[in-house]
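# Descriptive analysis of the structure
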Amino acid sequence: MTIRVVVADDQELVRSGFAMILSAQPDIEVVAEAGDGAEAVAAVRRHAPDVVLLDIRMPRMDGIEAARRICAETGCRAVMLTTFDQDDYVYEALHAGASGFLLKDVRRDDLVHAVRVVVAGDSLLAPSVARRLVADFTSRGQVVTAGPELGALTARERETLVLLGRGLSNAEIAAELVVSEHTVKTHVSNVLSKLGLRDRIQAVICAYESGLIAPGG
């Protein structure tokens, strides 16, 4: 299976660099590049890619609005490109349906891995990104309330929540717990359902707020 990707960034060097790295992979095809959000939406509609990489800050239409439209209209997975020290709209991107974030200085191998992880159905949340999200979340005074108490989780589900909080993918959680990825998917689904959480991103916040993981730890 070939993974089809659209890369959207208003900085041509960043955009072409990402496209070059991804195109060098035998299982990845960059079907289009875009210089702003409007072009990205049009490219996704035209080429029906599996993944779109979206810079958060772009002219005409920013990456958040582009993600909102793309996620609402298609099955394409949106990953935001961010510097984090400048971007103030991380949570808006999450609400828009983004599957995760990549730092713009991401390493070559991590970029390729990220695209494959997202296509496999995982949210992309590296530990460094998870910590930054929690810090931003805390500074904004926002609260994610877990419905039932954490006591509703089994021991295995609590372990899964901790690993989600550390930003691990399903494959990484499976390796850590020595179980199959199918089993992990079941645990993740149960955690989200029992705690009334929308997605893995909220599970990360819940893991920190509940005290299962200490901020910065």
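Residues numbered from 1 in each chain as written. Predicted model: local features only at pLDDT ≥ 70, side-chain atom pairs only at ≥ 80, totals over all residues. Heavy atoms only, no water.

Before going further, it helps to examine the nonpolar core. Val52, Leu54, Ile70 and Met80 are the most contacted members of the largest nonpolar core, which totals 27 residues. Contributing elements (two or more residues each) for this core: β1 (3-8), β2 (28-34), α2 (37-47), β3 (51-55), α3 (63-73), β4 (77-82) and α4 (90-95). Apart from the residues within four sequence positions on either side, Ile70 is in contact with Ala40, Val41, Val44, Val52, Leu54 and Cys76. Ranked by size, the runner-up nonpolar core spans 22 residues in total, among them Leu164, Leu177, Cys206 and Ala207. (Core = buried A, V, L, I, M, F, W, Y, C linked by side-chain atoms within 4.5 Å. Buried < 20%, exposed > 50% of the residue type's maximum accessible area, 1.4 Å probe, protein only. Helix = DSSP H or I, 4+ residues; strand = E, 2+ residues; numbered from the N terminus. Contact = heavy atoms within 4.5 Å.)

Strand order in the open sheet formed by 5 strands is β2-β1-β3-β4-β5, with parallel pairing between adjacent strands. Since the sheet does not close on itself, it has two edges, and those belong to β2 and β5 (100-103), each with one partner. Each adjacent strand pair in this sheet contributes to an overall mean axis angle of 25°, direction not counted. Taken together, the 5 bridges between β3 and β4 define a ladder with parallel strand orientation. From the neighbouring strand, Asp55 faces β4, where its bridge partner is Leu81. Strand contacts of helix α1 (residues 12-23): β1, β2, β3 and β4, with the helix running at about 165° to β2, the strand carrying the most contacts. (Pairing = 2+ DSSP bridges. Axes fitted to C-alpha atoms, helices over the stretch in contact; angles between N-to-C directions.)

A few words on helix α7 (residues 155-165). Within α7 the residues assigned to the buried category are Glu157, Thr160, Leu161, Val162, Leu163, Leu164 and Gly165. Gly167 lies just past α7 and shows a positive phi near 85°.

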